[in-house]
There are 2 protein chains.
Amino acid sequence: MPRIAYFGPQGTFTEQAARTFGDADLVAVETVPLVLAAVRSGEVDSGCVPIENSVGGAVTATMDALAEDEPLIAVAECVLPVRFSILVRPGTRAEDVKTVASHPHALTQVHDWIAANLPNATPVASTSTSSAAVLVQDGEFDAAVCAPVAVTHYSLETLATDVADVDNAVTRFLLVSRPTRVPEPTGADRTSLAVVIAHAEPGSLASTLSELALRGINLTRIESRPLRGQIGEYRFYLDLDGHIGEERVAGALAALHRNSNQVRFLGSYPKADQSPSVPSAKNTDDDYQAARDWVRRMREGR
Amino acid sequence: MPRIAYFGPQGTFTEQAARTFGDADLVAVETVPLVLAAVRSGEVDSGCVPIENSVGGAVTATMDALAEDEPLIAVAECVLPVRFSILVRPGTRAEDVKTVASHPHALTQVHDWIAANLPNATPVASTSTSSAAVLVQDGEFDAAVCAPVAVTHYSLETLATDVADVDNAVTRFLLVSRPTRVPEPTGADRTSLAVVIAHAEPGSLASTLSELALRGINLTRIESRPLRGQIGEYRFYLDLDGHIGEERVAGALAALHRNSNQVRFLGSYPKADQSPSVPSAKNTDDDYQAARDWVRRMREGR
């Protein structure tokens, strides 16, 4: 059985994401960098880390840790709706709840729901959603706002589930492993990259985007972070629609590699939503092959 | 001995250009399309035609004839300074010249010289610089403004040579043949193309130019002509610095072929001025090979 490390503690959304990647021994690890270190050392086969939150934005700790040190690649992704469960000790009724604990981020996302449904409760901050569950189990507080999976770990019961003020908030997670042969394209893939772009070269971001646009490649995400200790240099994190095994993506990656100070390939993996990555007109593998064949014929005078 | 057809009549700059392409049987042909037809039919091995004049601009008859019908490719170019000889019957002195004949284009380019040096002469138009020489030989006019080579064909002598109002006017000629294996790059080559670009696709010219710019390819010439019978479509004639045998040029050509309605390769041939075609940084053949190797390593997880 493969071993998957995940950003713990147990009972969080990251554990819930890790469970979507098939049967595995799950190992909770304290920080994102430590998850990645466990993968790099071979202590585990892969690691599950949050990369992006539709409310809070990029998870910069994950992005930086993936872009530096020994390369790792994403082999799968998981997108979870951010919908909480309210856990209580068995028998507790809504009107009994005087205190409700959770990580401040979680409390923010269920503020209206608490006001409407736990009218007597005072919110209390904890270090994680899981630690709130522990504190409820210990009798310190009355209710915890947790990832649904948390109920499997504690002697608590679910007072309410599917709780969220904002309907469509999601968090995206990646399963990363040591570099390995990239599986064949599935027809619904995403490719992640980190590209260092020097501010001092005017037009270098424009060139990077043109290499993608000219091949009809859609950018599904772009985030930038200043490069540590390098004034005026930025690392861009790009998610592309498509797979390194496809001609258009391979061509774009080669062009970026040729022109950039530093391009790091962060994996080509099936998209969680399985929406097809359809090459635009003139950008299928056959189109690229036909164009190369034409050049060859011209060179040969045929 | 190879047979070269050239745009006649004999005694013109085009004959003079044809003589620069080595020993050959030269055949004067009446029009540019007929020169190209003689090449296409195999009646001659190659054809010499003017393509561009630094004063008059593109020779549209040549451009259109190369872009249509059976493909031909340029295998060499020649750039001649536009400097005329003044031919007269033996013994004629400058002060005897009452009439000076030539093609109107030539007369325009020596207007000031005639005013200064043949003060008694009236300019007279002829159908070509050579026909002016014939008319002088026949005694109809006193002097002809001709290509220097004309003196070898007529019983005339050179009254003056190296004559031009504008110092640096040049005409560029191409030697074209039926498609044949393109010779290896010399390191100082030019590549000619005709690309059809639909006005209806916004950004298609920008895309075409970006494919070149992203590979550090210099455009040495761009001319456009409306496409006959196709409202809103244009054919662009492009001259690039570089050779189809080089990675950056081959990649750009393949991209243009993939995206264009119609790309016609018009040859890769040594530049007349022998100025080196140096790939810009990150655009050598080795850079392209290294980038492809990197993509392969990423796919294989190495």
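It should be noted that the structure appears before, not after, this text.
Residues numbered from 1 in each chain as written. Chains lettered and ligands numbered in written order. Predicted model: local features only at pLDDT ≥ 70, side-chain atom pairs only at ≥ 80, totals over all residues. Heavy atoms only, no water.

A. Representation of the environment of Gly242(A) in the model. All names here are of chain A. Along the chain, Gly 242 turns up in the loop between strand 14 (233-241) and helix 8 (247-259). Accessibility expressed as a relative area gives 0% for Gly 242, which makes it buried. Once residues lying within four places of it in the same chain are set aside, the contact partners of Gly 242 are Asp 189, Arg 190, Thr 191, Arg 248, Val 249 and Ser 277. (Helix = DSSP H or I, 4+ residues; strand = E, 2+ residues; numbered from the N terminus. Buried < 20%, exposed > 50% of the residue type's maximum accessible area, 1.4 Å probe, protein only. Contact = heavy atoms within 4.5 Å.)

B. Structural detail: the packing of aromatic side chains. Residues and elements named next belong to chain A. One pass over the full model with this rule turns up two aromatic pairs over all chains. An angle of 80° between the planes, with centres 5.3 Å apart, marks the rings of Phe 13 and Phe 84 as edge-to-face. Here Phe 13 is found in helix 1 (residues 13-19), whereas its partner Phe 84 is found in strand 6 (residues 84-88), with 71 residues between them in sequence. By relative accessible area, Phe 13 is classed as buried at 13%. Here Phe 84 falls in the buried class, since its relative accessible area comes to 3%. (Phe/Tyr/Trp six-rings, centres within 6.5 Å; stacked < 30°, edge-to-face > 60°.)

C. Summary view of the relation of the copies chain A and chain B. Rotating chain A by 180° and moving it 0.2 Å along the rotation axis overlays it on chain B with an RMSD of 0.2 Å. The superposition of one copy onto the other is thereby described by a two-fold rotation axis. When C-alpha positions in chain A are compared against the rotation axis, the closest is assigned to Ser210(A), at 3.7 Å. A share of 100% of interface residues in chain A that are also interface residues in chain B marks the association as one of identical surfaces. (Least-squares fit on C-alpha atoms with pLDDT ≥ 70 in both.)

D. Broad picture of helix 9 (residues 285-300) of chain A. Taking 1.5 Å per residue as the helical rise, helix 9 of chain A with its 16 residues ought to reach 22 Å, and the 23 Å between its terminal C-alpha atoms agrees with that figure. Looking at helix 9 of chain A, one finds that the buried residues are Tyr288(A), Ala291(A), Trp294(A), Val295(A) and Met298(A). Down the axis of helix 9 of chain A, the buried set is contained in an arc of 120°. They therefore lie on one face. Lining the buried residues of helix 9 of chain A we find helix 8 of chain A together with helix 8 (247-259) and strand 15 (262-270) of chain B. Of the residues flanking the end of helix 9 of chain A, it is Gly301(A), one or two places downstream, whose phi is positive at about 75°. (Expected span 1.5 Å × (residues − 1). Arc of directions from axis to C-beta.)

E. Region of interest: the side chain of Asn283(B). Following the sequence through the fold, Asn283(B) ends up in the loop between strand 15 and helix 9 (285-300). Exposure remark for Asn283(B): the relative accessible area of 3% places this residue in the buried category. Residue contacts for Asn283(B): discarding those within four places in its chain leaves Arg258(A), Leu214(B), Arg215(B), Gly216(B), Arg248(B) and Tyr288(B).

F. Expanded view of the sheet that holds strand 10 (residues 157-163) of chain B. All names here are of chain B. Spatially, five strands are ordered 8-7-9-6-10 in an open sheet, and the strand pairing comes out mixed. With partners counted over all chains shown, the strands left at the sheet margins are strand 8 (122-125) and strand 10, one partner each. For this sheet, the mean inter-axis angle between neighbouring strands, taken without regard to orientation, is 25°. Taken together, the four bridges between strand 6 (residues 84-88) and strand 10 define a ladder with antiparallel strand orientation. Residue pairing across strands places Leu 87 opposite Thr 158, the latter belonging to strand 10. Against the sheet, helix 6 (residues 129-137) engages strand 6, strand 7 (99-102) and strand 9 (143-146), with an angle of about 160° to strand 9. (Pairing = 2+ DSSP bridges. Axes fitted to C-alpha atoms, helices over the stretch in contact; angles between N-to-C directions.)

G. Broad picture of a nonpolar patch on the surface. All names here are of chain B. Together, Leu 205, Leu 209, Leu 219 and Ile 222 give the surface a local cluster of nonpolar side chains, amounting to about 270 Å² of exposed area. Every element with two or more residues in the nonpolar patch is listed here: helix 7 (204-213) and strand 13 (219-226). Structurally, Leu 209 is set in helix 7. The exposure class of Leu 209 is partly exposed, given its relative accessible area of 31%. (Patch = residues over 30% accessible without salt bridge, like charges linked within 9 Å, V, L, I, M, F, W, Y side chains within 5 Å. Areas by Shrake-Rupley, 256 points an atom, 1.4 Å probe, with all protein chains shown as cover. Salt bridge = Lys/Arg side-chain N within 4 Å of Asp/Glu carboxyl O.)

H. Highlighting the packing of helix 7 (residues 204-213) of chain A against helix 8 of chain A. Residues and elements named next belong to chain A. Here helix 7 crosses helix 8 at 160°, and the two axes come no closer than 9 Å. Regarding the angle of helix 7 to helix 8, the classification is roughly antiparallel. Every pair of crossing elements has a handedness; the one defined by helix 7 and helix 8 is right-handed. Between helix 7, through Thr 208, Glu 211 and Leu 212, and helix 8, the contact on the second element is made entirely by Ala 252, Ala 255, Leu 256 and Asn 259. For the contact of helix 7 with helix 8, the residue count by class is four nonpolar, two polar and one charged. (Parallel < 35°, antiparallel > 145°, perpendicular 65-115°, else oblique. Left-handed = near helix turned anticlockwise from the far one by under 90°. Nonpolar A, V, L, I, M, F, W, Y, C, P; charged D, E, K, R; others polar.)

I. Layout of the pattern of salt bridges. Across all of its chains, the model carries 41 salt bridges over all chains by this definition. Where Arg172(A) meets Glu77(A), a salt bridge forms, and the shortest distance between an N and an O atom there is 2.6 Å. In this pair, Arg172(A) is assigned in strand 11 (residues 170-177) and Glu77(A) in strand 5 (residues 73-81), connecting sequence segments 95 residues apart. Owing to a relative accessible area of 7%, Arg172(A) belongs among the buried residues under this scheme. Taking the relative accessible area as the measure of exposure, Glu77(A) reaches 8% and is therefore buried. Note that Arg302(B) and Glu300(B) form a salt bridge whose closest N and O atoms lie 2.9 Å from each other.

J. Fine view of the interface of chain A and chain B. Contacts between the two partners involve 34 residues from chain A and, on the opposite side, 34 residues from chain B. Between chain A and chain B the total buried area reaches about 3100 Å² when both faces are included, carbon and sulfur atoms providing 60% of it. Along the contact surface separating chain A from chain B lie 14 residue pairs in polar contact (both at pLDDT 80 or more). Looking at which element gives the most residues to the side of chain A that touches chain B, the answer is helix 9 of chain A, with ten residues. Across the side of chain A that touches chain B, the residue classes break down as 15 nonpolar, nine polar and ten charged. (Buried area = accessible area lost by both parts, 1.4 Å probe. Polar contact = N/O pair within 3.5 Å; in protein donor to acceptor, adjacent residues only side chain to side chain.)

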